[in-house]
Amino acid sequence: LQSTFEEEKLYSIIIGSVAKALNGVACLINDCDFMFKSYPAMIHATEILKQYGWEIYQQNEKYISMKKEGCPTIDLSYDNYKLLKFPMYTRESHGLRFMDVQGLMWLALLNQQEFDRTLYKSSYPRNDRTLFELTLHADRSGLTCNDKIGKELQKLVTYTEECRKITDILSR
C-alpha cells in the first residue's frame, strides 16, 4: 500500500501497532495505520483504496477506517499535530517509512492530551498503555527516554511480576 501511495505522490508514514512492531516493540497487530501530511492527502488515499476494492467502514473529521474482505482494517489519518515536520521521528527500512519510538511516544502523548479535554476521555485509555509500553521499551533498549520514568516503570513491572509469582504460589 505504501508503494501505491508513493506512485500517486502521497507521502505516507506507518504509525500505530505496525510501527511499534517495526521498532521492535512486542505488540498485537490488528490493523495498519497510515498518516498523511494533510487532510486532502488522506481523502486522496481513500479514493485510491476504493479503486482496489476497499470500502469506508468508519469516518470522522480526523481519520477514515477502511475494510476489504479478507484483509486487515486500514486506518488513514492526517498529521494534525505537525509531527512530520520533524524528520528525526521517521525511520525507513526495507521500503517502508514508519514512525520511530520517540515519535510514537509523542503521538500517544498528544492524543492523550487531546482526548483528556473531550467527551472521549474514557474511550481512550489505550494512550496510557501505549505510553507505558513505549517508555519501558525505550528504557530497556537505551533509546532516548526520560531516565527517571523508565526506571520507575521497570520497578513497577518487576513488582507486578513478583506479585504474580506470589499469587501463583498461593493459588497452588
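Before any of the text, the structure's been laid out above.
Conventions adopted
Residues numbered from 1 in each chain as written. Predicted model: local features only at pLDDT ≥ 70, side-chain atom pairs only at ≥ 80, totals over all residues. Heavy atoms only, no water. Core = buried A, V, L, I, M, F, W, Y, C linked by side-chain atoms within 4.5 Å. Buried < 20%, exposed > 50% of the residue type's maximum accessible area, 1.4 Å probe, protein only. Contact = heavy atoms within 4.5 Å. Salt bridge = Lys/Arg side-chain N within 4 Å of Asp/Glu carboxyl O. Helix = DSSP H or I, 4+ residues; strand = E, 2+ residues; numbered from the N terminus. Pairing = 2+ DSSP bridges.

Peer 1: Honestly, the nonpolar core in this entry has me stumped. Any pointers?
Peer 2: Generally speaking, nonpolar side chains in soluble globular proteins are found buried as a group. Grouped together as the largest cluster of nonpolar side chains are 35 residues, with contacts concentrated most on Phe5, Phe34, Phe36, Leu76 and Met99. What Met99 contacts, discounting residues up to four positions off in sequence, is Ile13, Ile14, Ile15, Ala19, Asn23, Leu83, Leu84, Tyr89, Leu104 and Leu107.

Peer 1: I would appreciate a short explanation of the pattern of salt bridges in the present structure.
Peer 2: A side chain of one charge can pair with a side chain of the opposite charge if their charged atoms are brought near each other. Applying the stated criterion across every chain yields a total of three salt bridges. Close ionic contact of Arg97 with Glu6 constitutes a salt bridge, the shortest N to O distance being 2.8 Å. Of this pair, Arg97 sits in strand β7 (residues 96-99) while Glu6 sits in helix α1 (residues 2-7); the two residues are 91 residues apart in sequence, bridging distant segments of the chain. The closest approach of N and O atoms between Glu47 and Lys50, which form a salt bridge, is 3.5 Å. In this pair, Glu47 and Lys50 both sit in helix α3 (residues 39-51), three residues apart, roughly one turn of the helix.

Peer 1: Looking at this model, I keep getting lost on the pairing of strand β4 (residues 63-67). Mind explaining?
Peer 2: Within a regular beta strand, the side chains point alternately toward one face of the sheet and then the other, so they alternate between its two faces. In this structure, strand β3 (residues 55-59) lies alongside β4, joined through four bridges in antiparallel fashion. Note that in β4 the partner of Ile56 across the bridge is Met66. Connecting β3 to the antiparallel partner β4 that follows it, the hairpin turn spans three residues. Where β4 meets strand β5 (residues 73-78), four bridges bridge the pair, whose relative direction is antiparallel. Residue pairing in the sheet places Met66 in a bridge with Ile74 of β5. Between the end of β4 and the start of β5, which pair antiparallel, lie five residues, with Gly70 showing a positive phi angle near 80°.

No statement about biological role is implied by the geometric values presented.
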